[in-house]
Amino acid sequence: MKSYEELLSDIEEDMELMGSSHIVYSMEEDDIVTDYDYLPSDSCTISITLKELQEKLQLQMLYTKVSAHTAGADKNAPKLAVVFPGIGYTADKPLLYYTSRLASKHGYKIRTVSYGTLPENVKGDPEKMKQAFDLALEQTERSLGSIDWNSYGSILFISKSIGTVISSAYASRHDLTVKSILFTPLAETFSFPLAGSIAFHGTADPWAETNSIRELAAQKDVPLFLTQNANHSLETGDVLTDIFILKTTMERVQRFI
């Protein structure tokens, strides 16, 4: 099987010859591209442009890199997953609930942060958002203050919305080596170091502008999985579509964990 580098090199040559919008057919296993060809076949069945294929492979390459962020962790030591909810998106909502279940299945002890009472109607109000961030971070420090981080071989942060800012700030402040799952991150999240992070964003998210999030994620080498027409909860309003989005998201989360 060809390496990512070899496939990307082939794609660049083909783009020079045929253009970035030329259609090819990819071979995929568990949503991972393993090869491609110019004509459909029994193994190469998925129609895709060379540009789209290039972007997909670059994302896979980055995803593989960040997934190995804690590869040197002590496999025999306990594992801890910390959940950082959003303001209205609590730990029993689908993205956080099912991610916690997956983490638990893989041997992580689950700890959920509670922020207490935060300001309401913070969207579009920088002053209220800053106040909410400061209060939430203060409560997080209290909530996690008794943890001996050095006793855990692997630490996973699972966060949503403002929780992505809190988790990233906390990891930076305490110099923690963590793997981090960022659900619908805010722009402020990307002001912190984010090595070992993956992110999920919906293109209809009113809390974060897609082009901005895409650029910020690229600057920090954070694999960003975009869901078309999905809102701040990674939902579209169509129940069956939303179940499919949740399934696809959890498959990516499980591979990362």
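Remember, it's a predicted structure, so these values are computed and weren't measured experimentally.

**As for the side chain of Thr164**
Along the chain, Thr164 turns up in helix H5 (residues 162-173). Only 2.6 Å separates the side chain of Thr164 from the side chain of Thr189, close enough to count as a polar contact. Excluding its chain neighbours within four sequence positions, the residues that come into contact with Thr164 are Ser159, Leu182, Phe183, Pro185, Leu186 and Thr189.

**What about helix H6 (residues 210-219)?**
For H6, every residue scored as buried is listed here: Thr210, Ile213, Leu216 and Ala217. When H6 is viewed along its axis, its buried side chains cluster within an angular range of 130° and face the same direction. Exposed and facing more than 90 degrees away from the buried side of H6 are Glu215, Ala218 and Gln219. Of the surrounding secondary structure, the elements contacted by the buried residues of H6 are strand S8 (197-202) and strand S9 (224-227). Between the side-chain oxygen at the start of H6 and the backbone nitrogen of Asn211 there is a gap of 3.3 Å, and the oxygen is on Glu209. Count one or two residues on from H6 and you reach Asp221, which has phi positive near 55°.

**Let's talk about the sheet that holds S9**
Across the sheet, six strands lie side by side as S5-S4-S6-S7-S8-S9; this open sheet has parallel pairing. Either end of the sheet is taken by a strand with one partner, and the two such strands are strand S5 (108-112) and S9. Taken pair by pair, the neighbouring strands of this sheet meet at an average axis angle of 15°, ignoring direction. Pairing geometry for strand S6 (residues 154-160) and strand S7 (residues 179-183), over five bridges, is parallel. Pairing of Phe157 across the sheet is with Ser180, part of S7. Strands S8 and S9 of the sheet are contacted by H6, whose axis makes an angle of about 160° with S9.

**Structural notes on the pattern of salt bridges**
Within this structure, the stated rule accounts for seven salt bridges. In this structure, the salt-bridge partner of Asp221 is Lys65, at a minimum N-O distance of 4.0 Å. Linking Asp221 in the loop between H6 and S9 with Lys65 in helix H2 (residues 50-67), this pair joins segments that are 156 residues apart in sequence. Taking relative accessible area as the criterion, Asp221 reaches 39% and is therefore assigned partly exposed. Notably, a salt bridge pairs Asp134 with Lys130, separated by 2.7 Å at the nearest N-O pair. Residue Asp134 and its partner Lys130 are both found in helix H4 (residues 126-144); the two are separated by four residues, about one turn of the helix. With relative accessibility at 48%, the residue Lys130 sits in the partly exposed group.

**Looking at H5**
Helix length check: H5, at 12 residues, gives a terminal C-alpha distance of 17 Å against a target of 16 Å (1.5 Å per residue), a fit within 8%. With 10 of 12 residues buried, H5 is to be regarded as a mostly interior element. Here H5 has its buried residues at Ile162, Gly163, Thr164, Val165, Ile166, Ser167, Ser168, Ala169, Tyr170 and Ala171. Each element contacted by the buried residues of H5 is listed here: strand S4 (79-84), H4, S6 and S7. Trailing H5 by a residue or two, Asp175 shows a phi angle of about 55°, which is positive.

What counts and what doesn't
- Residues numbered from 1 in each chain as written.
- Predicted model: local features only at pLDDT ≥ 70, side-chain atom pairs only at ≥ 80, totals over all residues.
- Heavy atoms only, no water.
- Helix = DSSP H or I, 4+ residues; strand = E, 2+ residues; numbered from the N terminus.
- Polar contact = N/O pair within 3.5 Å; in protein donor to acceptor, adjacent residues only side chain to side chain.
- Contact = heavy atoms within 4.5 Å.
- Buried < 20%, exposed > 50% of the residue type's maximum accessible area, 1.4 Å probe, protein only.
- Arc of directions from axis to C-beta.
- Pairing = 2+ DSSP bridges.
- Axes fitted to C-alpha atoms, helices over the stretch in contact; angles between N-to-C directions.
- Salt bridge = Lys/Arg side-chain N within 4 Å of Asp/Glu carboxyl O.
- Expected span 1.5 Å × (residues − 1).

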